[in-house]
Amino acid sequence: MSVQGFPGSSGAMRGAFVQLIPLFGIVTPSIVAFQYNPETITHTIAPYSNGDADQNTRTASAPMVQPFAPDEMFSFALELDATDKLEDANPLAVAAGIAPRLASLRKLIEASKGAVGDLIASAQALVGAPTATTARPEVPITLLVLGPGTILPVRITSYSVEMTEFSPLLYPVMAKITVEVKVIPPEQFRCKTTPGKDIAIAAWNLTALQNDALAL
């Protein structure tokens, strides 16, 4: 995702994950910007196979039927490095290295009430106070933003961290995060009633519109 070598280019727009946290009936975005854009992104599309259908209901007269959007995946590696901030004596980097960024990324794969809500719940659990429970905890909707041409609702399906350098307090200073995400098409939001649903569907449709325009 580098733009080096293009005349007149001032720099690359950073990619990000944007988690849509529902709070009091409205959406509060939690933005996790990439420190560095990934050098390589693998985009996999698995077309719908008619062979996946029930053999008892298949019809030979509709071999090209496409009832669902193809399964779509993105996979890439993100690099985190606190070296520059440590050299500048940044107090957060000195205290915890890249741990805050890793914590933000981890929140993308956990059921959440938002940063403040989760912090309160964890504090209550620590002191043994009763906490409110929900019947079905859910991971908030997350958008993958890879520039204006790719803004898609996704679910992280694989997340692996390789930490290579540590501070004297054993907080990580450098790490490589390998991520795989699955795109969530609009039909899978039919049963959701959260405020983020409409934003997720609009993002998917906008990206699809751009793809259709570019295909012309």
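Predicted, not measured: the structure shown is a model, and the values here were computed from it.

(A) Structural detail: the overall build of the protein. Across its full length, the protein carries 5 helices and 7 strands. What you see in the protein, going N to C, is helices and strands ordered as β-β-β-β-α-α-α-α-β-β-β-α. Taken across its 216 residues, the protein has 29% of its residues classed as buried. Counting only contacts in the protein whose residues sit at least 6 apart along the sequence, the fraction spanning at least 24 positions is 64%. When the accessible surface of the protein is summed, it comes to about 13900 Å², and 59% of that surface belongs to carbon and sulfur atoms.

(B) Up close: the nonpolar core. Core analysis: the largest hydrophobic core is formed by 24 residues, its most contacted members being Phe17, Phe74, Phe76, Leu105, Leu144 and Val181. The greatest single-element share of this core, amounting to 6 residues, is contributed by strand 7 (residues 172-183). Leu105 has contacts with Phe17, Val32, Leu78, Leu80, Tyr159 and Ile177, leaving out every residue within four places of it along the chain. Formed by 9 residues, the second largest nonpolar core is a distinct cluster that contains Val18, Ile184, Phe189 and Ala203.

(C) How the structure looks around the pairing of strand 1 (residues 16-23). Buried residues dominate strand 1, accounting for 6 of its 8 residues. Pairing geometry for strand 1 and strand 2 (residues 26-33), over 8 bridges, is antiparallel. By the bridge assignment, Ala16 is partnered in strand 2 with Ala33. Following strand 1, the chain reverses through 2 residues before pairing antiparallel with strand 2; Phe24 in that reversal takes a positive phi of roughly 55°. Sheet analysis places strand 1 next to strand 5 (residues 141-145), joined by 5 bridges and oriented antiparallel. Counterpart to Ala16 in the pairing with strand 5 is Val145.

(D) Focus on helix 5 (residues 196-215). Taking 1.5 Å of rise per residue, 20 residues should cover 28 Å, and helix 5 covers 29 Å from first to last C-alpha, within 8% of that figure. All of the buried residues along helix 5 are Gly196, Lys197, Ala200, Ala203 and Thr207. Down the axis of helix 5, the buried side of the element spans an arc of 135°, and every buried residue falls inside it. In helix 5, the exposed positions that point more than 90 degrees away from the buried face belong to Asp198, Leu209, Asp212 and Ala213. The elements touched by buried residues of helix 5 are strand 1, strand 2, strand 5 and strand 6 (151-166).

Definitions and limits used
- Residues numbered from 1 in each chain as written.
- Predicted model: local features only at pLDDT ≥ 70, side-chain atom pairs only at ≥ 80, totals over all residues.
- Heavy atoms only, no water.
- Helix = DSSP H or I, 4+ residues; strand = E, 2+ residues; numbered from the N terminus.
- Buried < 20%, exposed > 50% of the residue type's maximum accessible area, 1.4 Å probe, protein only.
- Contact = heavy atoms within 4.5 Å.
- Areas by Shrake-Rupley, 256 points an atom, 1.4 Å probe, with all protein chains shown as cover.
- Core = buried A, V, L, I, M, F, W, Y, C linked by side-chain atoms within 4.5 Å.
- Pairing = 2+ DSSP bridges.
- Expected span 1.5 Å × (residues − 1).
- Arc of directions from axis to C-beta.

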